[in-house]
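A look at the structure
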Amino acid sequence: GVVNFVPKRNFNGFKCHASYGISGRGDNVTTDIGVALGGHVLGGKGHLEGSYEYRKNDGILDRASSRDWLNLASTAGGGTAANPYYVAQDVRNNSSSFGGLIRSGGLAGQTFNADNVLSPFDAGTTSHSSCCQIGGDGSYDDQSMSSPLKSQQAYLRFDYDLNDNVHAYLVGAANIKTNLAYTGYATLSNVVLGGDNAFLPDAYRAAAGTTFKFSKTFQNVSHRILRSSQKL
């Protein structure tokens, strides 16, 4: 969509606002401060007005699973009349696991547990989406719930009557904004490995075959971080 800003010209006086908030969990702190002022200058021939706004939201960088009520809720279904989208809980990736899912070869359909022992991959129940399952051993992205935001906006306008017929003005504006978010975990998707791979326990090498496909979601390393900045 398009957002149109219509500046308020010939503003005289002073305005300000301030607000502060915090969630019931002690996070998502939000600070919002703004000030605007304007008045006539140079014997009434000129007019000056300006504003400044500062907004900071600490966001919720914690994983979405940190909220018990959320329970990995996500959209499932196929988006058709016969299989419409719906919101389900405990939605997981059906093609990867946190321990590592073997997807081809003699050990296909098995996943590594925390002790590097293989067990059959629990496919949970169908979500009616090709990518996902409900419950089971599938992995999940667990992104941050709310992205931190910091922005500063400034505006300045000067008007001047050069004579009865000519009016000149000068406008300046600035917008500096930064966002930060945790995206999904780093993953390996259908990587082809050799049966003699050094990280594959000896007990499984013969059954794995010459090569096999392997998918893993790395929950034990830091999230990928998305940072965006805008200066206008």
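For the structure, check the block above.
Reference entry: report on the structure contained in this document. Keep in mind that what you see is a predicted model, and the values were worked out from it rather than measured.

Remarks on the pairing of strand 2 (residues 30-41)
- Where strand 1 (residues 13-21) meets strand 2, 9 bridges bridge the pair, whose relative direction is antiparallel. Paired with Lys-15 across the two strands is Ala-36, which belongs to strand 2.
- Note that strand 2 and strand 3 (residues 46-57) share 12 bridges and pair antiparallel. Bridge pairing in strand 3 links Gly-39 to Leu-48.
- Following strand 2, the chain reverses through 4 residues before pairing antiparallel with strand 3; Leu-42 in that reversal takes a positive phi of roughly 55°.

With respect to the sheet that holds strand 12 (residues 132-134)
- Ordered in space as 7-12-11, the 3 strands form an open sheet in which the pairing is antiparallel. Whereas interior strands pair on both sides, the edge strands pair on one side only; in this sheet they are strand 7 (91-93) and strand 11 (125-126).
- As paired strands, strand 7 and strand 12 are joined by 3 bridges and run antiparallel to one another. When the bridges of strand 12 are listed, Arg-92 appears paired with Gln-133.

Remarks on the state of the cysteines
- Applying the stated criterion across every chain yields a total of 1 disulfide.
- Covalent S-S linkage joins Cys-131 and Cys-132, the inter-sulfur distance amounting to 2.4 Å. Here Cys-131 and Cys-132 share a disulfide; its torsion about the S-S bond, -80°, makes the bridge left-handed.

Topic: the sheet that holds strand 17 (residues 211-217)
- Pairing is antiparallel in the open sheet, where 5 strands are placed in the order 10-9-8-17-16. Each having just a single partner strand, strand 10 (118-120) and strand 16 (187-194) make up the two edges of the open sheet.
- Pairing of strand 16 with strand 17, which is carried by 6 bridges, proceeds in the antiparallel orientation. Of the residues in strand 17, the one forming a bridge with Gly-194 is Thr-211.

Concerning the packing of aromatic side chains
- Following the criterion strictly, the structure yields 5 aromatic pairs and no others.
- Ring geometry for Phe-98 against Tyr-185: centres 6.0 Å apart, planes inclined by 90°, an arrangement best described as edge-to-face. With a gap of 87 residues between them, Phe-98 in the loop between strand 7 and strand 8 (101-102) and Tyr-185 in the loop between strand 15 (167-182) and strand 16 connect regions that are remote in the sequence. For the pair shown, Phe-98 and Tyr-185 are each scored as buried.
- Each ring, one from Phe-158 and one from Tyr-160, has its centre 6.3 Å from the other, and the planes form 20°; the classification is stacked.
- Judged by relative accessible area, which is 25%, Tyr-160 ranks as partly exposed.
- Members of the aromatic cluster, joined through ring pairs, are Phe-98, Tyr-140 and Tyr-185.
- Note that Arg-157 overlies the ring of Tyr-169, its terminal NZ or CZ placed 4.2 Å from the centroid.

Criteria and cut-off values
- Residues numbered from 1 in each chain as written.
- Predicted model: local features only at pLDDT ≥ 70, side-chain atom pairs only at ≥ 80, totals over all residues.
- Heavy atoms only, no water.
- Pairing = 2+ DSSP bridges.
- Helix = DSSP H or I, 4+ residues; strand = E, 2+ residues; numbered from the N terminus.
- Disulfide = S-S within 2.5 Å.
- Phe/Tyr/Trp six-rings, centres within 6.5 Å; stacked < 30°, edge-to-face > 60°.
- Buried < 20%, exposed > 50% of the residue type's maximum accessible area, 1.4 Å probe, protein only.
- Lys NZ or Arg CZ within 6 Å of the ring centre and 35° of its normal.

What is shown is where atoms sit, not what they do.
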